[in-house]
Protein chains: 2
Amino acid sequence: MKAIAVREGTNTPEVIEKPIPEPQEGEVLVRTLRVGVDGTDHEVINGGHGGAPEGEDHLVLGHEAVGIVEDPNGTEFREGEIVVPTVRRPPNGTNEYFERGEPDMAPGGQYHERGIVGAHGFMAEYFASPTDSLVRIPPSQAEVGFLVEPISITEKAVELAEASRSSFTWDPESALVLGNGSLGLLTLAMLDENENYERLYCLGRRDRPDPTIDIIEEMGATYVDSRQTPVDEVPDEFEGMDFVYEATGYAKHPFQSVQALAPNGVVALLGVPSSWEFEVDGGQFHEEMVLHNKAMVGSVNSNVRHFESASRTLTKMPEWFLDELVTGVYGIDEFEKAFDEGDTIIKTAVQFSAYEER
Amino acid sequence: MKAIAVREGTNTPEVIEKPIPEPQEGEVLVRTLRVGVDGTDHEVINGGHGGAPEGEDHLVLGHEAVGIVEDPNGTEFREGEIVVPTVRRPPNGTNEYFERGEPDMAPGGQYHERGIVGAHGFMAEYFASPTDSLVRIPPSQAEVGFLVEPISITEKAVELAEASRSSFTWDPESALVLGNGSLGLLTLAMLDENENYERLYCLGRRDRPDPTIDIIEEMGATYVDSRQTPVDEVPDEFEGMDFVYEATGYAKHPFQSVQALAPNGVVALLGVPSSWEFEVDGGQFHEEMVLHNKAMVGSVNSNVRHFESASRTLTKMPEWFLDELVTGVYGIDEFEKAFDEGDTIIKTAVQFSAYEER
């Protein structure tokens, strides 16, 4: 079968030939439909993550997959079911985090991530996966199911943020998403379906005309240009935010976000910046956290529960939004286009086989 | 009656004469037994808070009170009940935070704090308080009931911290309290009664022999000297902490604490530093928050629910601990001693009248 991989020592994905995987006991063989591309894939390609499985010279890319069960292999799955795989796998046997269904809470060294670190990804015509890492989704999501994984990341982060506010009465009305990439826009769409949020804002640094600004405004949200309004000036220009979602990985955002929060608000952090020393008013940060009961939660990865709620969230997202968000789906023969970057590209995927309703 | 107040323009508490307050409808008249002194009182004396009630030239001090109902004034309270008053009061009529019993979540401008900002405190022979701001405690706590307010501050902070970890399986075993003042030691004693925490640490910067180090070690906890082990080096020297409680107000602690946390851990911030710019590795802070699902919660004040749990917590604290913690209780005639500071002084109170069992 064909797979898209990056070989050690190179920074270019290529199509390689590999044998179709043989599912082990408790595993299902899945025929891949589509696999999404995101910023993490570009980081993997550029060598920013952990690399190939032990003893191998290449890493198959891809962690945002949707597929169709080809061979249930004696499990409770049925041929033809549409499934999305979770990303983390235990490195050696299992461990407590996987056993209790919370691989997203495992610390470094206690997980591999398929397509990212230590285990091959899903950008291949077929993949095998244990049943407890596969989530059934409705056939109506066969074409957009590669969005379930990125949405699940937001489900987890929002769950953590809401939990942090669960010991008192918290009725958030305003939310600010930092970042107008695909994850930012998916988060905005998710918050838009949440009846709590009456006023949504999305921050970027782009000039009009721009397709992401169009989406933000079609959704009824407000575009905040960070070049005109830095995050910590958002309350002066707009309002204090009950919830701030950081999806850019810009290392100054956590500090600025605390200033952007309304009293009793919460910041969720998702981006992963690298080391960067700079000056902050740590006293003001500390005081603001305390005197206004503010909270900050970091969030990485997601588990089966978040994939399940992501699929439900995806059902509610309007068709126009998904149409405008997914700017390109490419076959294996032109897979390079899925890795292009540019201001008119929002979300892309590689198609490995077409879904045909049965 | 006698009261201990600070006059505007001065930085010295003094005994003044005031009329005994007349309880309004829904208010109870309380005869004050004891009122504790803490760092906030010293800040108030030195002008670091909001000052006297509107139109008045002095502020009666004290926010950690215990008293005995002198005149129930037609309410459901009974004469002779032992009560502790909460601290916040609505500035004009009421507002949504007070109406739902969460004055601790009110933003600035929507509360006064008795003895701190905008309303007289409890350092007087009598005070009046609305019934919904009075918490009954057992007669056995008549002498140490002034500790209920500071413990309630920790109850609130721990509640927020635990809530932030409630969306996944979190079994904390290790905790580090930053600060060996009275609040730090009360927190340590509270965590010691919580069966979850198997290993407790308390950070200070004092040489032995020292009465607070004695208490820490009698409790079976480990004293961490911050001059030898800065907070961010705690995992190397000891272990990563599931919970860090910041009670010093040192502005660098939030950043160092994130490094001190074990994966999935949480920092609670309580101190209130002033503005201070310094360099931090914001990228590392951000990355650490995200990749290990860490959380940070700020917490201020507390409400009736926290006072009630604080009274239950106080019941469990061993007598030796309370004896060693309370280093002095002074009558009005020598009240200045309660405001002395020094390494042998941990917690003091002013006694306004003696409790006699009926």
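Residues numbered from 1 in each chain as written. Chains lettered and ligands numbered in written order. Predicted model: local features only at pLDDT ≥ 70, side-chain atom pairs only at ≥ 80, totals over all residues. Heavy atoms only, no water.

A.B. asks: When you look at the domain arrangement of chain A in this model, what are you seeing that I'm missing?
C.D. replies: Many structure descriptions define interface size as the accessible area lost when the parts assemble. Residues and elements named next belong to chain A. Domain annotation of chain A identifies domain 1 (2–136 + 318–351) and domain 2 (152–298). In this structure, domain 1 and domain 2 have C-alpha centres spaced 29 Å apart. Facing the eleven residues of domain 1 at the interface are 13 residues of domain 2. Interface area for domain 1 against domain 2, summed over the two sides, is near 1,100 Å², with a carbon-plus-sulfur share of 68%. Among the residues domain 1 hides against domain 2, the three largest losses belong to Trp-320, Phe-321 and Ile-346. Together they make up 43% of the total. Run the count over domain 1 and domain 2 and you get two salt bridges. One salt bridge connects Lys-156 with Asp-104, and the closest N-O pair in it is separated by 3.0 Å. Inspection of the region where domain 1 meets domain 2 yields two residue pairs in polar contact (both at pLDDT 80 or more). (Domains from an automatic or database assignment. Contact = heavy atoms within 4.5 Å. Buried area = accessible area lost by both parts, 1.4 Å probe. Salt bridge = Lys/Arg side-chain N within 4 Å of Asp/Glu carboxyl O. Polar contact = N/O pair within 3.5 Å; in protein donor to acceptor, adjacent residues only side chain to side chain.)

A.B. asks: Help me understand the sheet that holds strand β4 (residues 58–60) of chain B in this model?
C.D. replies: Hydrogen bonds between backbone groups are what pair the strands of a sheet, and the pairing can be parallel or antiparallel. All names here are of chain B. Across the sheet, three strands lie side by side as β2-β1-β4; this open sheet has antiparallel pairing. Two strands bound the open sheet, and with one partner strand each, they are β2 (14–17) and β4. Averaged over neighbouring strand pairs, the angle between their axes works out to 55° when direction is ignored. Of the pairings in the sheet, the one linking strand β1 (residues 2–7) to β4 comprises three bridges and is antiparallel in character. Its bridge partner lying in β4, Val-6 is registered against Leu-59. (Pairing = 2+ DSSP bridges. Helix = DSSP H or I, 4+ residues; strand = E, 2+ residues; numbered from the N terminus. Axes fitted to C-alpha atoms, helices over the stretch in contact; angles between N-to-C directions.)

A.B. asks: Can you help me understand the UniProt feature "domain: Glucose dehydrogenase C-terminal" (unreviewed entry) in chain A in this one?
C.D. replies: Per the UniProt record, the feature "domain: Glucose dehydrogenase C-terminal" (unreviewed entry) sits at residues 142–352 of chain A. The span residues 142–352 of chain A is 37% helix and 24% strand, and its two end C-alpha atoms sit 12 Å from each other. (UniProt positions renumbered as here; feature names shortened; annotations may be inferred.)

A.B. asks: Explain the pattern of salt bridges here, please?
C.D. replies: Two side chains bearing opposite charge may form a pair once their charged atoms approach each other closely. This model, assessed by the stated rule, comprises 40 salt bridges over all chains. For Asp207(A), the salt bridge goes to Arg227(A), with nearest N and O atoms at 2.8 Å. Linking Asp207(A) in the loop between β13 (199–204) and α5 (211–218) with Arg227(A) in the loop between β14 (222–225) and α6 (234–237), this pair joins segments that are 20 residues apart in sequence. On the accessibility criterion, Asp207(A) (52% relative accessible area) is exposed. The residue Glu217(B) makes a salt bridge to Arg208(B) at a minimum N-O spacing of 2.8 Å. A cluster of three or more residues bridged by salt bridges with shared partners is formed by Glu173(A), Glu198(A), Arg199(A) and Glu239(A). (Buried < 20%, exposed > 50% of the residue type's maximum accessible area, 1.4 Å probe, protein only.)

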